[in-house]
Amino acid sequence: MDRVTRKPRHLGTTLAAVAATAVVTMVVSPTLGASAQAPQAAAKKAPQAKNVIFINGDGMGPAAREAARLYLAGLDGELTMDKLPVAGQLTTSPHDPKAVITDSAAAASAWATGEKTYNGAISVDVDGNKLATLGQQAKAAGKRTGLVTTAQVTDASPAAFFSNTADRGQQDEIARQYLDIAKPDVILGGGEDWWLPKGTAGAFPDKPAEDPSEASKGTKGNLVAKAKKKGYEYVSSAKQLGKAKAKDGKLLGLFANEEMFQQKPEGQGDVYKPVVDLATMTTKALDTLDGKGKSKNKNGFFLMVEEEGTDEFAHANNAEKTLESMRQLERAVAVARSYVATHPDTLLVVTADHETGGLSVEENDPADETGSGQSTEDGPFPVRNSDKSFTIDWTTGQHTSVAVPVTAEGPSSDRFNGKHANTYVHTVLSDILTRR
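This structure is a prediction, so every number in the text was calculated from the model and none was measured. Here the residue index of a chain counts from 1 through its sequence in written order. This being a predicted model, a pLDDT of at least 70 is required before a residue's local features are given, and a value of 80 or more before pairs of side-chain atoms are given or counted; all residues contribute to the totals for chains, interfaces and linings. The side-chain figures draw on all heavy atoms in the structure; neither hydrogens nor water molecules are used.

Draft legend 1. The arrangement of the overall build of the protein in detail. In terms of regular secondary structure, the protein is built from 14 helices and 15 strands. Every one of the 436 residues in the protein was classed for burial, and the buried ones make up 53%. For the protein, contacts bridging at least 24 residues in sequence account for 72% of all contacts bridging at least 6. Entry remark: accessible area of the protein is about 19300 Å², with carbon and sulfur atoms responsible for 52%. Helix and strand labels come from DSSP, where a helix needs a run of H or I of at least four residues and a strand needs a run of E of at least two; each type is numbered from the N terminus. The buried label goes to any residue with under 20% of its type's maximum accessible area, the exposed label to any with over 50%, and the partly exposed label to all in between, with areas taken from a 1.4 Å probe on protein chains only. We call two residues in contact when some of their heavy atoms are within 4.5 Å. Reported accessibility uses the Shrake-Rupley method at a 1.4 Å probe radius. Residues are deemed covered only where the shown protein chains occlude them.

Draft legend 2. Highlighting the pairing of strand 6 (residues 251–254). Residues Leu251 and Gly253 point to one face of strand 6 and Leu252 and Leu254 to the other, with burial holding for every one of them. In this analysis, strands are considered paired if DSSP registers two or more bridges between them. Judged from the four bridges that link them, strand 4 (residues 186–190) and strand 6 form a sheet pairing that is parallel. When the bridges of strand 6 are listed, Gly189 appears paired with Leu254. Once the chain exits strand 5 (residues 233–235) it traverses helix 10 (residues 238–243) before rejoining the sheet at strand 6, and the crossover so formed is right-handed. Orient the strands so they point away from the viewer; a crossover is then right-handed if the path from the first strand over the helix to the second runs clockwise.

Draft legend 3. Summary view of the sheet that holds strand 3 (residues 144–152). Across the sheet, ten strands lie side by side as 5-6-4-3-7-1-8-14-2-15; this open sheet has mixed pairing. Each end of this open sheet is capped by a strand with a single partner; those strands are strand 5 and strand 15 (418–421). Strand after strand, the sheet turns through a mean of 15 degrees between neighbouring axes, direction not considered. Taken together, the three bridges between strand 8 (residues 346–351) and strand 14 (residues 404–409) define a ladder with antiparallel strand orientation. Axis definition: a line fitted to C-alpha atoms, limited for helices to the stretch in contact. Angles are taken between N-to-C directions and run from 0 to 180 degrees.

Draft legend 4. Structural view of the nonpolar core. If you look at the biggest cluster of nonpolar residues, it comprises 99 residues, and the most contacted ones within it are Phe54, Trp195, Phe302 and Phe416. Broken down by element, this core gets its largest block of residues, nine residues, from helix 13 (residues 319–342). Residues within four places of Phe302 in sequence aside, it is in contact with Val52, Phe54, Gly135, Ala138, Arg144, Thr145, Gly146, Phe161, Phe162, Leu289, Leu429 and Leu433. What is meant by a nonpolar core is a set of buried Ala, Val, Leu, Ile, Met, Phe, Trp, Tyr and Cys residues, joined one to another through side-chain atoms within 4.5 Å.

In short, shape yes, function no, at least from these values alone.
And the structure:
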């Protein structure tokens, strides 16, 4: 169940409470009454959430978090994402006539709209009707909005918050909707190929050696040029991003043809060396959305941050690069948590859309191999600050239905206690993001 039903208070209890209040009132001296009640009246009111930072470790199930904890923090260590004071779980099943296990599109649509839908759908219902999204609603409420990802900026998870399509593959249409409809202020990640027409290479050449299948393929015209006309400052390198001023508060950064890595099995061309790392993009997004005193943001913001490598490398059963993706995600969470520490009106949520790979953490035992081919065991991997190590085993190259962890900090974070359907994310965030 997603909600707890409160039991009605008994009449006797209510009357007793009233009587107790009357007694307290009677014993307060008329001359001391104001000062005696002052501490209660002066109690600092807890801040309401004005900003939301929502972080998705795509494909990151509980075992991925545990493997990362051992690898990055040690036996007695703790990940930054696990230091957030509130913890719960989210179930992830879609409403798909042919599937039990969700994909990223249906899962992110559940977050963004509060309705479950079919796999491949971007914020449309099971009949294909467009649904209102949190990104668009936040913008309508006067908030600034942004997205950061190591995937294509038009990939399923960010797309669900800022667009509506019946098919997640229509990434050039999603980009068009960003510019014409949802208008997020900050867009940082990969996927330049979808912003430029076929035959028009941009900062990243068509058919690169690491993946000759990558090339510009948009059908909506030159959307980079269109973005510039609409006031976006466009950048495509770490140096340009560092210097970007985003004077109009609009920033578009595309740092790869497609994803910002090469998602392949170990030793088969797998590369995780983003042009700009996730933490740096997150820092720049927060600086831009906050305003940094130049055009101070009074209404707050919504920022969606995603590490895609946690999913893509798990699909390839590549434990080494999955752990590296977790490291980069951790650094981005640390950036967000530092922001929350100085902005107590910010809600920070860290979760995942689904689990990928059926990952498990095991002792090192060569006789305990449970998979073959792609799903063989990986390791051993060292446990930080110890002489111990562990093995990662895989059961699939696809998604699973394992409930995913959610941790949170800041105003309204306590609402994530317990186990909920993934649509519950919308229930909590919509109360903040649609408030004018």
